[in-house]
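Read off the chains here:
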Amino acid sequence: MLNRKFALFGALVIALVGCGKSETPSTAASDELVIRIGAAGPLTGPQAHIGKDNEYGTRMAIDDANAKGVLIGGKKARFELLSEDDQTDPKTATIVAQKLVDAKVNGVIGHLNSGTSIPASSIYFKNGIPQISPSATAVKFTAQGYNTAFRVMTNDAQQGKALGEFAVKVLGLKNIAVIDDRTAYGQGLADEFVKSAEANGAKIIAREYTTDRSVDFTAVLTSIKGKQPELLFFGGMDPQGVPMVKQLRSLGMKTQFMMGDGGYTPKLIDLAGAAVEGTYASLPGVPLDVMPSGRDFSQRYEARFKQPIQLYAPYCYDAVNVMIAAMQKAGSAEPAKYLPEIGKVELDGVTAKLAFDEKGDIKGGAVTLYQARQGKWQVVQTLGGAPAAH
Amino acid sequence: MDIFFQQIINGLVQGSVYALVALGYTMVYGILGLINFAHGEVVMIGAMIALTALQALLAAAFAPVLAVLFSLMIAMAVCMALGYSIERIAYRPLRHAPRLAPLITAIGVSIVLQNLAMMIWGREYHSFTLPFTSTSHHLGGAVMNDVQIGIVIVALVIMAGLMWLVHHTRTGRAMRAVAENPAAATLMGVDINRVISVTFMLGSALAAIAGFMVSANYGIVHYYMGFMLGLKAFTAAVLGGIGNLRGAMLGGVLLGLIESLGAGYIGDLTGGFLGSHYQDVFAFFVLIAVLVFRPSGLLGEKLAERA
Amino acid sequence: MKLHRSSGHLTLAIALLALPFIIDALFGHGWVRIADFALLYIMLALGLNIVVGYAGLLDLGYIAFFAVGAYTYALLGSPQFGLHWPMYVVLPLGALIACGFGVLLGAPTLKLRGDYLAIVTLGFGEIIRIFLNNLNAPVNITNGPQGISAIDPLQIGGFSFGSSYEWLGLRVDDVHLHYYLFLGFTLLVIFVSRRLEDSRIGRAWVAIREDEVAASAMGINTRNIKLLAFAMGATFGGISGGLFAGFQGFVSPESFSLMESIMVLCMVVLGGMGNVGGVVLGGVLLVALPELFRNAAGPVQQMLLGKVVVDPESLRMLMFGLALILVMLWRPAGIWPSTQRRREFDADDSVLHQEQETVYDASK
């Protein structure tokens, strides 16, 4: 009896795996070149909404390329998207990476976080698959000596430097409090911000911490209140940014509030209401409105996915286009053939004029600062980077 | 001094929420000796339902006060049904199973509820705003707003009501009887299944209220919000002595205070070596210390040697 | 009879040796990697089984020992401190340190029972994780949330498990090599578990689990025996952690969250507490199921409904949760319980427990 049940279960398992295996795409016509782009990010868990946004950005680039008709090495290319959920978990990220490699993807757009991009990058490197992360900001990601790892986003050092300069030099704020959320992203950015602010002559009068699961910050804010800083910088994402800025104001604090790219989201404005007024946030690259294709991209994104861009979708879009440009230049979608071309790509993307340095980081690294005014993110100024192609 | 007073207020507000959720854990534990790990997710579902109901009622032009009241009631009703179903489906069939079996189904229920919520309400955060403004009151140098005052008052009223229910009603007496000795209670004509269902429904109704209050206070709801809150509340229940109603209240408020004072002063106390990132470490150390000296929590009864 | 049995063992051995290549041929490298992780989790689950299954101590922070092992390996074999100690030193050292932490956890919790123990161990697990996450300042030890990367691969002499080799025309990749290494360790852990189960110590654990007072009356030193359970369990966790660090090449505190502890506990309970075979089965199932659902969620919808209605990702975890519930309802003592437990469990239905204090029998 028991054995029969097991046999049945085994059969079921095999059937299920079989289903998974049969996922292989339909055979293409012989004159068509099928190019598979892998996408990886968290599609479940607390950051699922940002992961899905990334997938949408990648999907749009792929659909655009298919609609436009791209010729690679004289053959008409048809792009396919393979999207995988890495659950923000380093271990799952390596499994997903291995699966994408198995599926013979020509390149990977991902992962979303540094904590997943770094362990996955060694697998892509071993198999010679180019990987462009739209949003991993840890300096280490491109500093491991892997020639397959690129990113279309400034790293923590680039962005932290810009934020620190802006706070001290432009806004003239000298007494600064810093909170970070103890994630790789939040802590990395906050540390670089502190370095830059101190180098420019500011004083860090309070350094507090929270987690990426917290919603109550009254205790740390109250403790900061006693030290009366002019500016509070938070290294973290919008789910914490919203309640933090609300609690900041409801404690009666007039301190200016600043976040990195994790704060530049429509949600921060929508959810924090009046409290968000005057908040600063940064975003690598130049404003979407500045790049010719940027405004068009955001309109089409909203029309198609019935939601505003969450955060990194434009970077995913750019990442795919960088990959395609390299393939076109090489005349091949073979990873080994087009990989050397990626570093030489120069492209007017939707987020910036893109070019890479020798490590695979974005050259120049423009960072734009925004301020929430009257319920909208308004551009304050763009720091650094190559001048945008107008 | 103002800062200290403000930290006390912060702790009280947070602690009141913990206490309400902790009551749900402790009631179930007192009667079944079972950790209802899915309780945190019931809080989340309560918040989500309240959000949807509130939006619908406001859209249907209900008066703001009525809309808030009705949405809270709808959330409570849904959560009660949910609590009842969870017990029937995931716990009751396992009543004589090894002790850890219902723990695993509880984890299963948690995962299911979380992912159902993600499918229904989406992956993103939602704004939860009450249809009236919450004014801030200055008490000396400290600040407290209407919602926070409301939380503390509602928590106190509910605790008083619950104590009355348990100690002065027939249902309460039946609950105490089952907690004391289920076999004897059965022989005395107590319908154990009914009592257990009522307990789950009561706990879930409290979870809905807690979910509503948390959302109103922080202004956001998300399908992932239940996990941490449930964990903290469970810690609070154990701190106070799990199974004991007064213990849950005490544990909740204490945990809130420990957290806010810990985050506020731990840096100064240790000369900047440990900062607010060790807030949870501090809370767990207090818990461990309490349990080392009082192995059944602050107000827990001394267990018989043979559990 | 004897011949029959040994030929059975031989078949099993050949099957286990051939498995990675069979998986590879059928499903690809990705699934071999999943098999590698499954073996790591089986080691973890077997370690936890000593604490929970044998000694009956509910531990919700077990992943901390995995973390200790992993960080020991990472710190002594990476550019973090510029140390590159060999694997045969670092792995035992990691196990030893984890063992020490096991005793450290066990000591203050000796008096605690059941669910009080659960919350304290949970707290302990979180404390370890929080320290790992924050010890990058004032002195940088663990590199904080950024984690430690470029960890040395598992290697002995010049032979690295992280490379690919070609033997007799057969290409053997890193995922295969790790499989064999982990398989070796898993078999060792299984062997030790089985021997412990039948030893004086194993019986003492069971005695404590069933009735601590009676056990101490029979002359069992309950304190030492309990500490030994924590120490043994932690040692296995530490070994597994070290292997994990070398395999992954990267460790960061997010790999050691509470959810991981809960997953390992699920493996033990779902598979069958106290039974080595059951625990192994539980480990395999809980690692494989989410991955199966990942592959199946989309195509099954396509097949049944003609289109993908619900996001495969949301459905994947939903199905996983449902599977946990259904399996426990179907087999409350685990899929493959130990014979002793099954006997107790079957006897239950007919007996009215008058002495039990709660509706859920806490004594089991």
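Residues numbered from 1 in each chain as written. Chains lettered and ligands numbered in written order. Predicted model: local features only at pLDDT ≥ 70, side-chain atom pairs only at ≥ 80, totals over all residues.

Novice: I would appreciate a short explanation of the overall build of chain B in the present structure.
Specialist: A tally of regular secondary structure across chain B gives eleven helices and four strands. Here chain B has a C-alpha radius of gyration of 20 Å; the compact-globule value for 307 residues is 19 Å, and the two agree. When its C-alpha atoms are laid out on the principal axes, chain B stretches across 60 × 55 × 35 Å. Counting every position in chain B, which comprises 307 residues, the buried fraction comes to 59%. Counting only contacts in chain B whose residues sit at least 6 apart along the sequence, the fraction spanning at least 24 positions is 74%. (Helix = DSSP H or I, 4+ residues; strand = E, 2+ residues; numbered from the N terminus. Rg over C-alpha atoms; globule rule 2.2 N^0.38 Å. Buried ≥ 20, exposed ≤ 12 C-beta atoms within 10 Å, placed from the backbone. Contact = placed C-beta atoms within 7 Å.)

Novice: Which parts of the structure should I look at to understand the overall build of chain A?
Specialist: Within chain A one finds twelve helices and 15 strands. At 22 Å, chain A has a C-alpha radius of gyration in line with the 21 Å of a compact globule built from 390 residues. Principal-axis analysis of the C-alpha atoms places the extent of chain A at approximately 65 × 65 × 40 Å. Within chain A, the proportion of its 390 residues that are buried is 61%. Across chain A, contacts joining residues at least 24 apart in sequence account for 68% of those joining residues at least 6 apart.

Novice: Is there a simple way to think about the environment of F293 of chain B in this case?
Specialist: Residue and element names in this part refer to chain B. Within the element layout of this structure, F293 appears in helix α11 (residues 279-293). Judged by the 9 C-beta atoms lying within 10 Å of it, F293 falls in the exposed class. In the structure, F293 is positioned 145 residues away from Q148 in sequence and 34 Å away in space, judged by C-alpha atoms.

Novice: Hey, could you run me through the packing of helix α5 (residues 146-168) of chain B against helix α8 (residues 192-218) of chain B in this one?
Specialist: How two helices pack is summed up by the angle between their axes together with the distance between the axes. All names here are of chain B. α8 packs onto α5 with a crossing angle of 165 degrees between their chain directions and a minimal axis gap of 10 Å. Our classification of the angle between α5 and α8 gives roughly antiparallel. Considering the relative orientation of α5 and α8, their crossing is left-handed. On α8, the residues that touch V147, Q148, I151, V154 and I158 of α5 are L206, I209, M213, A216 and N217. The residue inventory of the contact of α5 with α8, partitioned by class, reads eight nonpolar, two polar and no charged. (Axes fitted to C-alpha atoms, helices over the stretch in contact; angles between N-to-C directions. Parallel < 35°, antiparallel > 145°, perpendicular 65-115°, else oblique. Left-handed = near helix turned anticlockwise from the far one by under 90°. Nonpolar A, V, L, I, M, F, W, Y, C, P; charged D, E, K, R; others polar.)

Novice: Sorry, what's going on with the sheet that holds strand β3 (residues 75-85) of chain A here?
Specialist: Strands in a sheet are paired, the pairing made by backbone hydrogen bonds, and the direction either parallel or antiparallel. All names here are of chain A. Taken together, six strands build an open sheet; the order of strands is β2-β3-β1-β4-β5-β6 and the sheet is mixed. With partners counted over all chains shown, the strands left at the sheet margins are β2 (70-72) and β6 (149-151), one partner each. The average angle at which neighbouring strand axes cross in this sheet is 35 degrees, direction not considered. With three bridges connecting them, strand β1 (residues 32-41) and strand β4 (residues 107-109) associate as parallel partners. Considered in β4, the bridge of A39 is made with I109. (Pairing = 2+ DSSP bridges.)

Novice: Explain the interface of chain A and chain C here, please?
Specialist: Many descriptions give the size of an interface as the accessible area lost when the pieces come together. Counting residues at the interface gives 31 residues for chain A, matched by 29 residues for chain C. If you list the elements that add at least two residues to the side of chain A that touches chain C, you get α1 (2-21), α3 (90-102), α4 (114-126) and α6 (184-199) of chain A. Ranked by residues supplied to the side of chain A that touches chain C, first place goes to α3 of chain A with eight residues. Looking at side-chain class alone, the side of chain A that touches chain C contains twelve nonpolar, eleven polar and eight charged residues.

Novice: Looking at this structure, how should I read the confidence of the model for chain B?
Specialist: When pLDDT is low, close inspection of the predicted coordinates is not appropriate. Residues and elements named next belong to chain B. On average, residues of chain B score 90 in pLDDT, and 97% of them reach the 70 mark or higher. Scored below 50 in pLDDT, residues 303-307 shows eight contacts in the model against residues more than four places distant or in partner chains. With a pTM of 0.90, the predicted complex shows an ipTM of 0.90. (pLDDT = per-residue confidence, 0-100.)

Novice: Would you mind showing me how to read the sheet that holds strand β14 (residues 367-373) of chain A here?
Specialist: Residue and element names in this part refer to chain A. In spatial order, the strands read β8-β7-β9-β10-β11-β14-β15; together these seven strands make up an open sheet with mixed pairing. Looking at which strands have only one partner, the edges of the open sheet turn out to be β8 (203-209) and β15 (376-383). Across the sheet, the axes of successive neighbouring strands diverge by a mean angle of 25 degrees, strand direction being ignored. Along the sheet face, helix α7 (residues 218-225) touches β7 (175-180), β8 and β9 (231-235) and points at about 160 degrees away from the line of β8.

Novice: Could you clarify how one ought to interpret the domain arrangement of chain A in this entry?
Specialist: All names here are of chain A. Segmenting chain A into domains produces domain 1 (32-154 + 290-359) and domain 2 (157-284 + 368-383). Between the C-alpha centres of domain 1 and domain 2 there is a distance of 29 Å. With eleven residues of domain 1 in contact, the opposing surface of domain 2 contributes ten residues. Taken together, the residues that form the side of domain 1 that touches domain 2 break down as five nonpolar, six polar and no charged. (Domains from an automatic or database assignment.)

Novice: Looking at this structure, how should I read the nonpolar core?
Specialist: Nonpolar side chains tend to gather and get buried jointly when the protein is soluble and globular. Formed by 357 residues in total, the largest nonpolar core has its most connected members in C79 of chain B together with L270 of chain C. Of all the elements, helix α2 (residues 29-54) of chain C adds the most residues to this core, at 19 residues. Each of two domains, domain 1 (32-154 + 290-359) and domain 2 (157-284 + 368-383) of chain A, supplies a minimum of three residues to this core. In this structure L270 of chain C touches I104 of chain B together with G282, L285, L286, L324, V327, M328, G334 and I335 of chain C, once residues within four positions along its chain are discounted. (Core = buried A, V, L, I, M, F, W, Y, C linked by C-beta atoms within 7 Å.)

Novice: Looking at this structure, I do not really get helix α11 (residues 276-305) of chain C. What am I missing?
Specialist: Counting along an α-helix, one turn takes 3.6 residues, and residues three or four places apart therefore face a common direction. Residue and element names in this part refer to chain C. With 30 residues, α11 extends 41 Å between its outermost C-alpha atoms, agreeing within 8% with the 44 Å of an ideal straight helix rising 1.5 Å per residue. At A296, α11 is bent by approximately 40 degrees, the largest bend along its length, and proline P299 sits one to four residues beyond. Positive backbone phi, at 85 degrees, marks G306, one or two positions downstream of α11. (Expected span 1.5 Å × (residues − 1). Bend = angle between axes of the 7 residues up to and from the residue.)

Novice: Would you take a moment to explain the interface of chain B and chain C for this structure?
Specialist: With 49 residues of chain B at the contact, the number on the chain C side is 45 residues. When residues in the side of chain B that touches chain C are grouped by element, the largest group, 13 residues, is from helix α4 (residues 101-121) of chain B. Tallied by class, the residues present in the side of chain B that touches chain C amount to 36 nonpolar, eight polar and five charged.

Novice: Mind showing me how you'd approach the pairing of strand β10 (residues 256-259) of chain A here?
Specialist: Within a regular strand, the side chains alternate between the two sheet faces. All names here are of chain A. Bridging between β9 and β10 involves four bridges; their strand directions are parallel. By the bridge assignment for β10, F234 is matched with M259. Handedness of the crossover joining β9 and β10 through helix α8 (residues 238-250): right-handed. The pairing of β10 with strand β11 (residues 280-284) spans two bridges and is classified as parallel. In the sheet register, M259 faces β11, and the bridge partner there is A281. (Right-handed = clockwise from strand over helix to strand, strands pointing away.)

Novice: Is there a simple way to explain α4 of chain B in this structure?
Specialist: Helix length check: α4 of chain B (21 residues) gives 30 Å between terminal C-alpha atoms against 30 Å at 1.5 Å per residue, within 8%. Two residues or fewer after α4 of chain B comes G122 of chain B, characterised by a positive phi angle close to 90 degrees.

Novice: I would appreciate a short explanation of the environment of V178 of chain B in the present structure.
Specialist: All names here are of chain B. Mapped onto the elements of the fold, V178 is located in helix α6 (residues 170-180). For V178, a count of 26 C-beta atoms within 10 Å corresponds to the buried category. Residues V178 and V221, 43 residues apart in the sequence, show an inter-C-alpha distance of 36 Å. What V178 contacts, discounting residues up to four positions off in sequence, is I31, A185, V190, I192 and V195.

Novice: Whenever I open this one, the environment of K75 of chain A confuses me. Can you help?
Specialist: Residues and elements named next belong to chain A. Locating K75 in the fold gives a position in strand β3. With 257 residues separating them along the chain, K75 and S332 place their C-alpha atoms 9.3 Å apart. Setting aside residues up to four positions removed in sequence, K75 forms contacts with D31 and L33.

Novice: Hey, could you run me through the packing of α3 of chain A against α2 of chain C in this one?
Specialist: In contact at an axis separation of 7 Å, α3 of chain A and α2 of chain C are set at 155 degrees when each is read in the N-to-C sense. For the element pair α3 of chain A / α2 of chain C, the angle class is roughly antiparallel. Contacts between α3 of chain A and α2 of chain C involve K91, T94, I95, Q98, K99, V101 and D102 of chain A on the former and, on the latter, H29, G30, R33, I34 and F37 of chain C. Its residues assigned to classes, the contact of α3 of chain A with α2 of chain C comprises four nonpolar, four polar and four charged.

Novice: So what exactly am I meant to see when it comes to the pairing of β14 of chain A here?
Specialist: All names here are of chain A. Of the strand pairs in this sheet, β11 and β14 are connected by five bridges, and their pairing is antiparallel. Bridging from a neighbouring strand, S282 pairs with L369 of β14. By the bridge criterion, seven bridges tie β14 to β15 in an arrangement that is antiparallel. The residue bridging T368 from the neighbouring strand is T382, located in β15. Counting the residues that bridge the hairpin from β14 to β15 gives two residues, and of these Q374 lies at a positive phi of roughly 45 degrees.

Novice: Looking at this model, I keep getting lost on the confidence of the model for chain A. Mind explaining?
Specialist: Residue and element names in this part refer to chain A. On average, residues of chain A carry a pLDDT of 88, and 91% of them reach 70 or more. In this model residues 1-6 is a low-confidence stretch, pLDDT under 50, and it forms zero contacts with partners more than four residues away in sequence or in other chains. In the model, residues 8-28 has pLDDT below 50 throughout and makes 20 contacts with residues more than four positions away in sequence or in other chains.

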